[in-house]
Amino acid sequence: MKDLIFDTANLKDLETALIWAAQEGWNPGLHDAQAFLAADPDGFFVARIAGEIIAAISVVNHSDTMAFLGLYLCKPDFRGQGIGFALWRHALHHAGARCVGLDGVAEQEPNYAKSGFVRTGATTRLQGKAPTGTTVGTRSFDMARDFTAVAALDQLANGYDRSRFLSHWVAEGAGTRKTVVSTQNGEVSGFATIRLCQNGAKVGPITAPDTATALKLLRAAAASLDVADVTLDLPSSAIAFHKALEELGFVETFKTARMYSGVVPKSSPLRMAIASMELG
């Protein structure tokens, strides 16, 4: 197509893509753009025609072995013309030989499969009122004191290192994002990050040794921003936590296929809720 170019996205471009995501009902966080871009400044891409952004995608390199694909969007007037898929192929070069993960909507799953992505499970979005009760054994996250332990727990939970992403994600973000930790015998045993969104708040990741601790972290996270309505994205492996939330009145609002191209990372039961469907 004449005048079509692919470009690495800047902050303004990414903010535009997140506006599109909001219009699609994805309900991104109020300050996701800055934290997303910090994870991999070269991992966000747009298609332009005459300077206008018409499509977007992210392929964020978390580590030497793992990348995550998201924010795959195209303006309605330009769909069905091959532009989005061409941008997809362009962006995937950024991952190199890394395994690439994604959370794919149902209607796109066959297309992702054609590109070599294999379904390994699902991610389910649950929404409800934050539970009340004890938060004994939790406290606010302190970057200097807790980051090393939090990054190690996150790596155990997900099967790969993403400390660059976490260093921005778990930090307070413009008063709209906070992180809490659980402790056992004086050591950090889990953590949860909450961020305000256009509607309510999202909690993720939640990394915890058991369901009871995950629920305490959820309570503490919601209390830290004084919110009631919360959303969580749960991997299909978090069966007990999923059941506990349903018993508290949480309902499923959205579901995606978790798919990978390459050697699938070995996650652990510590992974109770993911950080986001865009970055994993």
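Thresholds applied
Residues numbered from 1 in each chain as written. Predicted model: local features only at pLDDT ≥ 70, side-chain atom pairs only at ≥ 80, totals over all residues. Heavy atoms only, no water. Helix = DSSP H or I, 4+ residues; strand = E, 2+ residues; numbered from the N terminus. Buried < 20%, exposed > 50% of the residue type's maximum accessible area, 1.4 Å probe, protein only. Salt bridge = Lys/Arg side-chain N within 4 Å of Asp/Glu carboxyl O.

Undergrad: Lay out unusual backbone geometry in plain terms, naming residues and giving numbers.
TA: Here the bond from Gly204 into Pro205 is cis, since omega is 0 degrees, no more than 30 degrees from zero. Examined against the element boundaries, Pro205 turns out to sit in strand E10 (residues 201-207). In the Ramachandran plot, Ala50 falls in the positive-phi region, its phi being about 50 degrees despite a non-glycine side chain. Position of Ala50 among the secondary structure elements: in the loop between strand E2 (44-49) and strand E3 (52-61). For Ala50, a relative accessible area of 71% translates into the label exposed. Positive phi outside glycine occurs at Asp226, with the angle close to 55 degrees. With respect to the helices and strands, the residue Asp226 is situated in the loop between helix H7 (211-225) and strand E11 (229-235).

Undergrad: Can you break down the pattern of salt bridges residue by residue, with the values?
TA: The final tally for this structure, using the stated rule, is 12 salt bridges. Among the salt bridges present, the one from Asp7 reaches Arg48, with a minimum N-O distance of 3.1 Å. In this pair, Asp7 sits in strand E1 (residues 4-8) while Arg48 sits in strand E2, placing the two residues 41 residues apart along the sequence. With a relative accessible area of 29%, Asp7 lands in the partly exposed category. Overall, Arg48 belongs to the buried group, its relative accessible area being 12%. Among the salt bridges present, the one from Arg162 reaches Asp154, with a minimum N-O distance of 2.7 Å. Of the two residues examined, Arg162 and Asp154, each falls in the buried class. One network of salt bridges, in which partners are shared, links Asp7, Asp13 and Arg48.

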